[in-house]
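Given next are the chains, with one letter for each unit.
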Amino acid sequence: MQNEDYNELREQKLEQLPVLFTPSEAMEVLGVGKNTMYRLLNSRKLPAIRIGRSWRIPWESLEDYLLPK
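Only a predicted model underlies this, so the values are computations on that prediction, with no experimental measurement involved.

(A) Quick look at unusual backbone geometry. Unlike most non-glycine residues, Arg-44 shows phi in positive territory, near 65 degrees. Topologically, Arg-44 is positioned in the loop between α3 (34-42) and β2 (49-51).

Shown next as structure tokens:
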């Protein structure tokens with residue numbers, strides 16, 4: 001495989017990966033405080049992924065919360 005082919009394949013794969021936010025980054029996007037953010041996460045009103053003690057919030061969750069269907 002040539003280097004150019006590898007780079008193109010790598011870029012395609014990176015575009016498919018979900019964008020994940022930390023709670024502090026998501027707080028800025030939503031314009032809410034720390035208590036509200038963790039209330040949304042713990043109540044599952046804002047779907048997120050918990051990895052150990054850390055939360056990661058997918059962009060799609062923020063989008064759905066801001067623009068409900």
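Having seen the structure, we can now continue with the description.
(B) Structural view of a negative patch on the surface. On the surface, a cluster of negative charge is contributed by Glu-4, Asp-5, Glu-8, Glu-11 and Glu-15. Relative to the helices and strands, Glu-4 is located in helix α1 (residues 3-16).

(C) Quick peek at the sheet that holds strand β1 (residues 20-21). As summarised here, the arrangement of the three strands in space is β1-β3-β2, forming an open sheet in which the pairing is antiparallel. The open sheet has two edge strands with one neighbour each: β1 and β2. Of the strands in this sheet, β1 and β3 (54-58) are in contact with helix α4 (residues 59-66), which crosses β3 at around 65 degrees.

(D) Expanded view of the pairing of β3. Of the strand pairs in this sheet, β1 and β3 are connected by two bridges, and their pairing is antiparallel. Along β3, the bridge assignment pairs Leu-20 with Pro-58. Two elements, β2 and β3, share three bridges in a ladder whose sense is antiparallel. Within β3, the residue paired with Arg-50 across the bridge is Trp-55. Between β2 and β3, which follow one another and run antiparallel, lie two residues, and Gly-52 among them has a positive phi close to 65 degrees.

Calculation rules
- Residues numbered from 1 in each chain as written.
- Predicted model: local features only at pLDDT ≥ 70, side-chain atom pairs only at ≥ 80, totals over all residues.
- Heavy atoms only, no water.
- Helix = DSSP H or I, 4+ residues; strand = E, 2+ residues; numbered from the N terminus.
- Patch = residues over 30% accessible without salt bridge, like charges linked within 9 Å, V, L, I, M, F, W, Y side chains within 5 Å.
- Areas by Shrake-Rupley, 256 points an atom, 1.4 Å probe, with all protein chains shown as cover.
- Salt bridge = Lys/Arg side-chain N within 4 Å of Asp/Glu carboxyl O.
- Lys, Arg positive; Asp, Glu negative; His and termini not counted.
- Charge placed at Lys NZ, Arg CZ, Asp CG, Glu CD.
- Pairing = 2+ DSSP bridges.
- Contact = heavy atoms within 4.5 Å.
- Axes fitted to C-alpha atoms, helices over the stretch in contact; angles between N-to-C directions.

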